[in-house]
Amino acid sequence: MAAAGQGDDQTLAVYTRDAAAYADCAAQELARPWLARFASMVTPGGRILDFGCGPGWAADYLNAQGFRVECFDGSEGLAAEAKRRYGLDVKVGRFDEFAAPLAHFDGIWCSFALLHDTREALPAHLTRLAAALAPGGAFYLGLKEGTGAERDSLGRLYTYFGQEEVSQLIEGAGFSKPEIETELSKGFSGEPCNALHFFARRA
């Protein structure tokens, strides 16, 4: 496993190996309401960061809504899929390598990416993202509810979080108190989970 803050090597290897199959699965996310809700929170035409963009389905949707989207992901394979499917240019790097000018974005969409790192790394990631978001900017964070950390049947690392735990970290990083929605879901591995959807604004 990589050092805290970088993400997990084995997880990245899974996404790179299975990039096309994962992209086929992830495209089904378009039916969900969370992205539309986030988009409604962002100033029309604003600049959005898709942090952990994966194969790019969310960025493609947001571009079609007239936003200016920048993409960041840790997997070379998924970045290639985002380019092939949607023509997206994805900056590839570890979580802790992300850098942007202060207050550069009007919205940040972070969908089920940071759960692939350690619990200890989350506060620094949130602080880094908050610094890149303009005051009043919209923030979405997707995580899975639970305790501890484990690998799924595909070998991907998942760190699970509690609602109050994450709410406090989000506020501590400089965001407003988040609104939380929960959903029974299942991902690429087919294993069920309780998904957590956090919506907040930069203070």
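Residues numbered from 1 in each chain as written. Predicted model: local features only at pLDDT ≥ 70, side-chain atom pairs only at ≥ 80, totals over all residues. Heavy atoms only, no water.

A. The state of the cysteines, seen in detail. A full pass over the atoms with the stated rule returns zero disulfides. Looking at the unpaired cysteine 53, the closest cysteine sulfur is the one in cysteine 71, lying at 4.4 Å. (Disulfide = S-S within 2.5 Å.)

B. Examining the side chain of lysine 144 more closely. Looking at where lysine 144 falls in the secondary structure, it is placed in strand E5 (residues 133-144). The buried charged residue lysine 144 lacks any salt bridge partner; its closest oppositely charged side chain belongs to aspartate 152, at an N-O distance of 6.1 Å. Ignoring sequence-local partners within four residues, the contact set of lysine 144 consists of Phe112, Leu115, Tyr158, Thr159, Tyr160, Phe161, Cys193, Asn194 and Leu196. (Helix = DSSP H or I, 4+ residues; strand = E, 2+ residues; numbered from the N terminus. Buried < 20%, exposed > 50% of the residue type's maximum accessible area, 1.4 Å probe, protein only. Lys, Arg positive; Asp, Glu negative; His and termini not counted. Salt bridge = Lys/Arg side-chain N within 4 Å of Asp/Glu carboxyl O. Contact = heavy atoms within 4.5 Å.)

C. Quick peek at the packing of aromatic side chains. Tallying each qualifying case throughout the model produces nine aromatic pairs. A centroid spacing of 5.3 Å and a plane angle of 80° characterise the contact between phenylalanine 72 and phenylalanine 98, whose relative ring orientation is edge-to-face. A residue pair is termed long-range when its members are at least 10 positions apart, and phenylalanine 72 in strand E2 (residues 68-73) and phenylalanine 98 in the loop between strand E3 (90-92) and strand E4 (105-111) qualify at 26 residues. Phenylalanine 98 shares its class with phenylalanine 72; the two are buried. With 4.0 Å between their ring centres and 15° between their planes, tryptophan 109 and tyrosine 140 make a pair best called stacked. Of this pair, tryptophan 109 sits in strand E4 while tyrosine 140 is found in strand E5, placing the two residues 31 residues apart along the sequence. Residue classification places tryptophan 109 among the buried positions, given a relative accessible area of 3%. (Phe/Tyr/Trp six-rings, centres within 6.5 Å; stacked < 30°, edge-to-face > 60°.)

D. Local environment of unusual backbone geometry. Although it is not a glycine, alanine 103 sits at a positive phi angle of roughly 55°. Assignment of secondary structure puts alanine 103 in the loop between E3 and E4. Even without glycine at this site, phenylalanine 112 takes up a positive phi of about 55°. Turning to its location among the elements, phenylalanine 112 is positioned in the loop between E4 and helix H6 (122-132).

E. View of helix H5 (residues 76-86). All of the buried residues along H5 are Gly77, Leu78, Ala79, Glu81 and Ala82. Between the side-chain oxygen of the N-cap and the backbone nitrogen of glycine 77 there are 3.3 Å, and the N-cap of H5 in question is serine 75. Downstream of H5 by a residue or two, glycine 87 has a phi angle that is positive, lying close to 70°. (Polar contact = N/O pair within 3.5 Å; in protein donor to acceptor, adjacent residues only side chain to side chain.)

F. Structural context of the packing of helix H3 (residues 34-41) against helix H4 (residues 57-64). At a minimum axis distance of 11 Å, the contact between H3 and H4 shows a crossing angle of 45°. Relative to H4, the element H3 lies oblique. The two elements H3 and H4 cross, and the hand of that crossing is right-handed. On H4, the residues that touch Leu35, Ala36, Phe38 and Ala39 of H3 are Trp57, Ala58, Tyr61 and Leu62. By residue class, the composition of the contact of H3 with H4 is eight nonpolar, no polar and no charged. (Axes fitted to C-alpha atoms, helices over the stretch in contact; angles between N-to-C directions. Parallel < 35°, antiparallel > 145°, perpendicular 65-115°, else oblique. Left-handed = near helix turned anticlockwise from the far one by under 90°. Nonpolar A, V, L, I, M, F, W, Y, C, P; charged D, E, K, R; others polar.)

G. Representation of the pairing of strand E1 (residues 47-51). For E1, the tally of buried residues reaches four of five residues, placing the bulk of the element in the interior. Here E1 pairs with E2 via five bridges, running parallel. Paired with isoleucine 48 across the strands is valine 69, a residue of E2. In this fold, E1 hands off to H4, which returns the chain to E2; that crossover is right-handed. (Pairing = 2+ DSSP bridges. Right-handed = clockwise from strand over helix to strand, strands pointing away.)

H. Structural context of the side chain of aspartate 73. Note that aspartate 73 resides in strand E2. Despite its burial, aspartate 73 pairs with no opposite charge; the closest candidate is arginine 94, at 10 Å N-O. Here the side chain of aspartate 73 touches cysteine 53 through a polar contact of 3.2 Å, landing on its backbone nitrogen. Aside from chain neighbours lying at most four places away, what touches aspartate 73 is Gly52, Cys53, Gly54, Leu78, Val90, Lys91, Val92 and Gly93.

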